[in-house]
Amino acid sequence: MTFAEQFSQNFLEDSRWQFIATGLRNTLIISLFAVLIGIFLGFLVAIIRSTHDKTGKFKFLNLICKIYLTVIRGTPVMVQLLIMYYVVFVTVDPGKMIVAILAFGINSGAYVAEIVRSGIMSIDQGQFEAGRSLGFNYAQTMIYIIIPQAFKNVLPALANEFIVLLKETSISGYIGLMDLTRGGDIIRSQTYAALFPLLAVAVIYLVIVVFLTYLVGKLERRLRNNERS
Amino acid sequence: MSAVNEPVLIDVQGLKKSFGSNMVLNGISTQIRKGEVVAIIGPSGCGKSTFLRSLNLLEIPTGGRILFEGTDITDKSVNVDRMRQKIGMVFQQFNLFPHLTIKKNIMLAPVKLGIMTREQASLRADELLKRVGLPEKAEEYPAMLSGGQKQRIAIARALAMNPDVMLFDEPTSALDPEMVGEVLELMKELAEDGMTMVVVTHEMGFAREVATRVMFIDDGEIKEENKPEIFFAQPSNQRLKDFLSKVL
Ligand SMILES: Nc1ncnc2c1ncn2[C@@H]1O[C@H](COP(=O)(O)OP(=O)(O)OP(=O)(O)O)[C@@H](O)[C@H]1O
Ligand SMILES: [Mg+2]
């Protein structure tokens, strides 16, 4: 078969390209919403943990956070996804997309939490005291002074976390969800030609990741130029 | 100004502070009246910062009481944040907020704490920027400023809350020598305008010329305090004599 024939067989016949298109759409949706959940959870956990470290408050919540971090970071994300699908949501079925978004979001939250916490802890104690001395309470100081700085500092790391997450969603096929990887794999199983569909999948991931990496680099430079501190 | 008839702003009664077994302040009692400029001097590690930081509860005293405008701020039921709004503080390391422009540094607290509207705070910031001689820096970020400029902005930021008293912890110690003057000059102007000030400093010239009272702390105690004329000319405490002979 010529190159053109192979291409046509894998992507054009029976509109097989749609597997890739739908898969890509699902991959992007899962990644996007999972990262939003991850950032929300991550900030929540990071704030509870650093408040505990600084003030000794939230003993119980801090314990829960620690368990969460240990469990999530101590087990493979694939196992978490399978448990989410076959155990947690065994009776109610919210849809595979929701299951994947939740599993990846909860997983990502644990990593985001540690990124954000290190960001908070890296802010000079003098910033905190300056805020308190002006009359801000603990929460106001965090919100107006500490978190904005911490967020700026960890933005590149958070963006990288998004890139990692995007690639991790490629295991979504294990719960029968058609993400980008599974889309390519379905074509392979229909045409018995592995090279083209899988190469296409790999190239798409690569393009997205390279593009995002480029954006992160740009962001990092912008942040550095902005205040130079 | 004769401060004797002015009301007492800060009344420190038997203040004690220890870190673990390290007793840093060992019963300090003094009164700071409206309009006074109190310079605190003493050897490194004697507890000057700890004393100053206790006055707005950045350090929590382990004993004694501190009355601010009649209210015991060491009382657990007192809203410390409210009290701190009336007590400005200037740090050795400036501690400007690097993520905000100069003007926003000044406006943040009055606006977010609901003391002023955005418009009022903006006007006040412009006024203060003029007062500290840096109106052209309004839209710049702290990183663009020299040390002396940063400290003048830090003073403006504290003044924006219209505090009743200003605490300074070695405000010129982190500055290059050529920038010390501009900050001291500004503090002198503040003092002349009647601001009540407590200043931990190594600048004996400032203590001598601007302070209305100089306080020597050593071993966690006030060993001597007096008007600067007497304090420097006729020190009675031996440790103070030794100290002065070293720094003068
Ligand atoms: N947070 C802290 N934890 C433990 N010890 C502390 C703490 N802060 C201060 N100390 C100790 O208290 C003592 C007094 O410190 P302080 O900073 O008040 O001295 P100082 O007079 O301001 O000295 P300097 O002139 O060097 O600024 C020192 O022995 C110091 O080690
Ligand atoms: Mg000190």
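Everything here concerns the structure above.
Residues numbered from 1 in each chain as written. Chains lettered and ligands numbered in written order. Predicted model: local features only at pLDDT ≥ 70, side-chain atom pairs only at ≥ 80, totals over all residues. Heavy atoms only, no water.

Trainee: Summarise the pairing of strand β6 (residues 87–90) of chain B; cite the residues concerned and give the values.
Mentor: Residue and element names in this part refer to chain B. Burial of β6 is two-sided: the residues Ile87 and Met89 facing one way and the residues Gly88 and Val90 facing the other way are all buried. Sheet topology note: the β6/strand β7 (residues 165–169) ladder contains 4 bridges and is parallel. Bridged to Gly88 within β7 is Met166. (Buried < 20%, exposed > 50% of the residue type's maximum accessible area, 1.4 Å probe, protein only. Helix = DSSP H or I, 4+ residues; strand = E, 2+ residues; numbered from the N terminus. Pairing = 2+ DSSP bridges.)

Trainee: Which residues make up the interface of chain A and chain B, and what values do they have?
Mentor: Listed as interface residues are 22 residues of chain A and, on the opposing side, 24 residues of chain B. Summed over both partners, the interface of chain A with chain B buries about 2,100 Å², with 61% contributed by carbon and sulfur atoms. Where chain A meets chain B, there are 2 salt bridges. Remark: the boundary between chain A and chain B carries 6 residue pairs in polar contact (both at pLDDT 80 or more). Mapped onto the side of chain A that touches chain B, the elements with two or more residues apiece are α6 (125–133), α7 (138–168) and α9 (195–227) of chain A. Considering every element that reaches the side of chain A that touches chain B, the biggest residue donor is α6 of chain A, with 7 residues. For the side of chain A that touches chain B, the per-class residue count stands at 6 nonpolar, 10 polar and 6 charged. (Contact = heavy atoms within 4.5 Å. Buried area = accessible area lost by both parts, 1.4 Å probe. Salt bridge = Lys/Arg side-chain N within 4 Å of Asp/Glu carboxyl O. Polar contact = N/O pair within 3.5 Å; in protein donor to acceptor, adjacent residues only side chain to side chain. Nonpolar A, V, L, I, M, F, W, Y, C, P; charged D, E, K, R; others polar.)

Trainee: Describe helix α8 (residues 180–191) of chain A, and please don't skip the residues or the numbers.
Mentor: All names here are of chain A. For α8, built from 12 residues, the straight-helix expectation of 16 Å at 1.5 Å per residue is met to within 8% by its first-to-last C-alpha distance of 17 Å. Along α8, the residues classified as buried are Leu180, Gly183, Gly184, Ile187 and Thr191. Projected down its long axis, α8 carries its buried residues within an arc of 95 degrees, all on one side. Once α8 ends, the next one or two residues include Tyr192, with phi positive near 55 degrees. (Expected span 1.5 Å × (residues − 1). Arc of directions from axis to C-beta.)

Trainee: Summarise empty space enclosed by the protein; cite the residues concerned and give the values.
Mentor: Taken as a whole and assessed by the stated rule, the structure comprises 1 cavity of 30 Å³ or more. As a volume, the largest cavity reaches approximately 30 Å³. Each residue belonging to the lining of the largest cavity can be placed in one class, and the counts come to 5 nonpolar, 3 polar and 1 charged. (1 Å grid on protein atoms, 1.4 Å probe; cavity = no way out; pocket = protein on both sides within 12 Å on 5 of 7 lines; lining within 4 Å. Points joined across faces, edges and corners; volume = space filled by probe spheres on them.)

Trainee: Residues and numbers for the packing of helix α2 (residues 17–55) of chain A against helix α3 (residues 59–74) of chain A, please.
Mentor: Residue and element names in this part refer to chain A. One way to put it is that α2 packs onto α3 with a least axis distance of 9 Å and a crossing angle of 130 degrees. Taken together, the axis directions place α2 and α3 in an arrangement best described as oblique. Viewed along their axes, α2 and α3 form a crossing whose handedness is left-handed. Taken together, the residues of α3 that come into contact with α2 (itself represented by Leu41, Val45, Ile48, Arg49 and His52) are Lys59, Leu61, Asn62, Cys65, Lys66, Tyr68 and Leu69. Looking at the contact of α2 with α3 residue by residue, the class counts come to 7 nonpolar, 2 polar and 3 charged. (Axes fitted to C-alpha atoms, helices over the stretch in contact; angles between N-to-C directions. Parallel < 35°, antiparallel > 145°, perpendicular 65-115°, else oblique. Left-handed = near helix turned anticlockwise from the far one by under 90°.)

Trainee: Describe the pattern of salt bridges, and please don't skip the residues or the numbers.
Mentor: Residue and element names in this part refer to chain B. Overall, the coordinates contain 21 salt bridges over all chains when judged by the stated rule. For Arg213, the salt bridge goes to Glu36, with nearest N and O atoms at 2.8 Å. Taken as a pair, Arg213 in strand β9 (residues 213–218) and Glu36 in the loop between β2 (22–33) and β3 (37–41) lie far apart in primary sequence, 177 residues in all. Take Arg213 and Glu36: they sit in the same class, and that class is buried. In this structure, Arg239 and Asp218 form a salt bridge, with 2.9 Å as the shortest nitrogen-oxygen distance. Taken together, the residues Arg239 in helix α9 (residues 238–247) and Asp218 in strand β9 connect sequence positions 21 residues apart.

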